[in-house]
Amino acid sequence: MEDVMLAGRLDLTTLDFAVEEVPVPVPGPGEVLVAVAAAGVCLSDLHLIDGTLRVWQNDHPKLTLGHEVSGTVAVIGPDVPSSVTVGRRVILQAGQSCGACELCVRQRPCLNGRTRGVHYDGGWAQYALARHDTLVPIPDHLPFDQAAIIPDAVSTPYAAIMSTAQVRPAQSVGVWGIGGLGAHAVQLLRFTGAAPIIAIDPLPEARARASTFGADLTLDPTAADFTDRVLTATTGRGLDHAFDFAGTPTIHDQATKVLGLSGTLVLVGLSNGPLTLTDGIGFSVRNQRLLGHFGSTPEDVEALVALTTYHRLDFTNSISAHIPLTNATDAVHQLATRTNNPIRLVLIP
């Protein structure tokens, strides 16, 4: 193994991003070194680069980005269980627990957890360090590119649907924003039996994509007959659940106007703006709920791997392009400009 490798690094002071040579990390106690096979490019990575999201609890001058990572175990550090072997195909959880609080003792996620590619170096590199308990084995038939995006791109909407909203079969659902998260939300809602699934996006390309992912109806949110068409599709009852995957404040009022009795609005897309609902009295009278959602649990990722293992889910259509790690700046630009309206761009070392 060489002593140096390529990595996509963000200067946390200047916010300059570049692919550069860095030393290959050495695994410490309880850690392994993973040879990266694929790494997803997420909107969160872009927001770190443009300064919309600021890194906290990290005193290092530079950071390797990337929290959607797959690869093979290359080097095993000390004190790693014998069940972890060199050559094992794995994905890496998008973060790790603090390991100290009571929740971690009970193996539950906590707010003191640390995110890969935010609090410590991520997987936009030829090699990545990982704590052994953040490895999730994957089957031989699951391609590395599809596996890499399961943590976050797939697991975040999965957790929002299954845990936060607790969507049940035959419930009506609206999905605002058919990007990397929203497209998978449509696919997962189809899997869970939600009906009808209404996909909402101003871009014709995104609406077309939603149809291929399983939406029953696609709508332009700016259309004059938008509200009427939602109510018609739900036989006048309105939506049981509305998901904001775009992080756009204007969605909230539009969504609540088409929510039914006891309907739920789930905020998944991140926004720094204030949360405002114009009809506060109506929201309460209709017994509606507003729920925030962020990320997923390790159990969500493991469940999704099991579902792909048994061919219940397939993410072939989720990979918009493979881009060499050396061209990571191009990938960032393509996502920022929405070139070809990507679902997920994947970096290949």
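A brief structural summary.

1. Brief notes about the overall build of the protein
For the protein, the helix and strand inventory stands at eleven helices and 18 strands. The C-alpha atoms of the protein give a radius of gyration of 21 Å, which matches the 20 Å a tight globule of 349 residues would have. Summarising the internal contacts of the protein: among those between residues at least 6 apart in sequence, 71% fall at separations of at least 24. If you sum the accessible surface of the protein, you get close to 15,800 Å²; carbon and sulfur atoms cover 53% of it. For the protein, the distance from the average site of its 22 positive side-chain charges to the average site of its 33 negative ones is 7 Å.

2. A word on the packing of aromatic side chains
Taken as a whole and judged by the stated rule, the model has three aromatic pairs. Relative to Phe-245, the ring of Phe-243 has its centre 5.8 Å away and its plane inclined at 20°; by these criteria the two rings are stacked. According to the relative accessible area criterion, Phe-243 is buried, its value standing at 0%. A residue is classified by how much of its surface remains accessible, and Phe-245, at 10% relative accessible area, is buried. One residue, Arg-89, lies across the ring of Phe-144, its end atom 4.2 Å from the ring centre.

3. Here we look at the side chain of Arg-9
Locating Arg-9 in the fold gives a position in strand S1 (residues 4-11). Polar side-chain contacts of Arg-9 include one of 2.9 Å to the side chain of Thr-64. A distance of 3.1 Å separates polar atoms of two side chains, one belonging to Arg-9 and the other to Asp-121. Every residue in contact with Arg-9, bar those within four places of it in the chain, is listed here: Asp-16, Phe-17, Ala-18, Glu-20, Val-22, Lys-62, Leu-63, Thr-64 and Asp-121.

4. Some words on helix H5 (residues 180-192)
Over its 13 residues, H5 runs 19 Å from end to end, which matches the ideal 18 Å to within 8%, given 1.5 Å per residue. In terms of residue burial, H5 counts as a mostly covered element, since ten of its 13 residues are buried. Taken together, the buried positions of H5 are Gly-180, Gly-182, Ala-183, His-184, Ala-185, Val-186, Gln-187, Leu-188, Leu-189 and Thr-192. The elements touched by buried residues of H5 are helix H4 (150-165), strand S11 (173-176), strand S12 (197-200), helix H6 (204-213), helix H10 (298-309) and strand S18 (344-348).

5. Some details on the packing of helix H1 (residues 43-50) against helix H11 (residues 328-337)
Between H1 and H11, whose axes approach to 10 Å, the crossing angle comes to 100°. The angle between the axes of H1 and H11 places the two elements in the roughly perpendicular class. Residues Leu-43, Leu-46 and Ile-49 of H1 pack against Val-332, Leu-335 and Ala-336 of H11. Classifying every residue of the contact of H1 with H11 by side-chain character gives six nonpolar, no polar and no charged.

6. Description of the sheet that holds strand S2 (residues 17-23)
The antiparallel open sheet is built from three strands, whose spatial order is S2-S1-S4. This sheet does not close on itself; its edge strands, each paired only once, are S2 and strand S4 (62-64). With strand direction ignored, the average angle separating the axes of adjacent strands in the sheet is 50°. As judged from the three bridges shared by S1 and S4, these two strands associate in the antiparallel manner. If you follow Arg-9 over to S4, its bridge partner there is Thr-64.

7. So, H4
An ideal rise of 1.5 Å per residue puts 22 Å on 16 residues; H4 reaches only 20 Å between its terminal C-alpha atoms. The sharpest bend along H4 measures roughly 30° and falls at Thr-156, with the proline Pro-157 sitting one to four residues further on. Counted residue by residue, H4 has 13 buried out of 16 residues, so it is predominantly covered. Just downstream of H4, Gln-166 is the residue with a positive phi angle, here 55°.

8. Looking at the pattern of salt bridges
Pairs can form between side chains of opposite charge whenever their charged atoms are close. Counted according to the given criterion, the structure contains eight salt bridges. Across the pair Asp-121 and Arg-9 runs a salt bridge, and its minimum N-O distance is 3.1 Å. Residue Asp-121 is located in the loop between strand S8 (114-115) and strand S9 (127-131), and its partner Arg-9 is located in strand S1; the two are separated by 112 residues in the primary sequence. Since its relative accessible area comes to 14%, Arg-9 is described here as buried.

9. Considerations on the pairing of S11
Here S11 shows a buried face lined by Val-173 and Val-175 and a second buried face lined by Gly-174 and Trp-176. Inspection of the sheet shows S11 paired to S12 by four bridges, in the parallel sense. Each bridged residue has a counterpart across the sheet, and for Val-175 the counterpart in S12 is Ala-199. With respect to chirality, the unit in which S11 leads through H5 into the neighbouring parallel S12 is right-handed. Across four bridges, S11 lies against strand S14 (residues 239-244) in parallel orientation. By the bridge assignment, Val-173 is partnered in S14 with His-241.

Rules and cut-offs
- Residues numbered from 1 in each chain as written.
- Predicted model: local features only at pLDDT ≥ 70, side-chain atom pairs only at ≥ 80, totals over all residues.
- Heavy atoms only, no water.
- Helix = DSSP H or I, 4+ residues; strand = E, 2+ residues; numbered from the N terminus.
- Rg over C-alpha atoms; globule rule 2.2 N^0.38 Å.
- Contact = heavy atoms within 4.5 Å.
- Areas by Shrake-Rupley, 256 points an atom, 1.4 Å probe, with all protein chains shown as cover.
- Lys, Arg positive; Asp, Glu negative; His and termini not counted.
- Charge placed at Lys NZ, Arg CZ, Asp CG, Glu CD.
- Phe/Tyr/Trp six-rings, centres within 6.5 Å; stacked < 30°, edge-to-face > 60°.
- Buried < 20%, exposed > 50% of the residue type's maximum accessible area, 1.4 Å probe, protein only.
- Lys NZ or Arg CZ within 6 Å of the ring centre and 35° of its normal.
- Polar contact = N/O pair within 3.5 Å; in protein donor to acceptor, adjacent residues only side chain to side chain.
- Expected span 1.5 Å × (residues − 1).
- Axes fitted to C-alpha atoms, helices over the stretch in contact; angles between N-to-C directions.
- Parallel < 35°, antiparallel > 145°, perpendicular 65-115°, else oblique.
- Nonpolar A, V, L, I, M, F, W, Y, C, P; charged D, E, K, R; others polar.
- Pairing = 2+ DSSP bridges.
- Bend = angle between axes of the 7 residues up to and from the residue.
- Salt bridge = Lys/Arg side-chain N within 4 Å of Asp/Glu carboxyl O.
- Right-handed = clockwise from strand over helix to strand, strands pointing away.

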